[in-house]
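Close look at the chain arrangement
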Amino acid sequence: DLKRVVKSCGGCIQTTVRNLTPEVLGTCDRFEEKQVGNERYNFFYGGPGKKSVSVVLRGGAEHFIDEAERSLHDALCIVKRAKANTTVVAGGGAIEMELSKELREYARSIKGKPQIIVNSFARA
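Basis of the calculations
- Residues numbered from 1 in each chain as written.
- Predicted model: local features only at pLDDT ≥ 70, side-chain atom pairs only at ≥ 80, totals over all residues.
- Heavy atoms only, no water.
- Helix = DSSP H or I, 4+ residues; strand = E, 2+ residues; numbered from the N terminus.
- Buried < 20%, exposed > 50% of the residue type's maximum accessible area, 1.4 Å probe, protein only.
- Contact = heavy atoms within 4.5 Å.
- Areas by Shrake-Rupley, 256 points an atom, 1.4 Å probe, with all protein chains shown as cover.
- Lys, Arg positive; Asp, Glu negative; His and termini not counted.
- Charge placed at Lys NZ, Arg CZ, Asp CG, Glu CD.
- Phe/Tyr/Trp six-rings, centres within 6.5 Å; stacked < 30°, edge-to-face > 60°.
- Lys NZ or Arg CZ within 6 Å of the ring centre and 35° of its normal.
- Expected span 1.5 Å × (residues − 1).
- Arc of directions from axis to C-beta.

Of regular secondary structure, the protein chain possesses four helices and two strands. If you list the helices and strands of the protein chain from N to C, you get α-β-β-α-α-α. The principal-axis extents of the C-alpha atoms in the protein chain amount to approximately 85 × 35 × 20 Å. Going through the 124 residues of the protein chain one by one, you find that 10% of them count as buried. The contacts in the protein chain between residues at least 6 apart in sequence include a share of 12% that link residues at least 24 apart. Looking at the protein chain as shown, the accessible area adds up to about 11100 Å², and 56% of this sits on carbon and sulfur atoms. The averaged location of the 15 negative side-chain charges in the protein chain is 6 Å from the averaged location of its 20 positive side-chain charges.

The following block contains the structure:
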């Protein structure tokens, strides 16, 4: 946790209160201590490392918390990979959606029963 605070607010980890100088102290725009459930948390707003964030997961059962944590981890890994790699591989029905779009456009160019058949196939 200390490493995260240093990354967010700047400064350095100190093992003693002696020789404290402004160079080793971190800064933030606003600091709050809040109670969430039975736990107390420190919230740092603003500061030199504004790209950091903490997520507090709460729930009724440990199983739900574990599942939410795995889902959040998966989502963050996807975002990290998407930022690192600028290429995209189509998936999740992308090919089917593109085919449907092309079929609907083609159906506009024909008349009669074939248009109805092609449109129905595109919607399926």
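From this point, the discussion proceeds with the structure in view.
This part takes up the packing of aromatic side chains. Summed over the entire model, instances satisfying the criterion amount to two aromatic pairs. When the centroid spacing of 6.4 Å and the interplanar angle of 15° are considered together, the rings of Phe-43 and Tyr-45 count as stacked. Overall, Phe-43 belongs to the partly exposed group, its relative accessible area being 23%. Positioned above the aromatic ring of Tyr-45, the side-chain terminus of Arg-30 is 4.0 Å from the ring centre.

Further remarks concern helix α3 (residues 94-108). Owing to its 3.6 residues per turn, the α-helix aligns residues three or four sequence positions apart on the same side. Given a rise of 1.5 Å per residue, 15 residues ought to cover 21 Å, and the 22 Å separating the end C-alpha atoms of α3 matches this to within 8%. Those residues of α3 not exposed but buried are Ser-100, Leu-103 and Ala-107. For α3, the arc enclosing every buried residue in end-on projection is 65°, short of the 170-degree limit, so these residues lie on one face. α3 presents Ile-95, Met-97 and Arg-108 as exposed residues on the side facing more than 90 degrees away from its buried surface.

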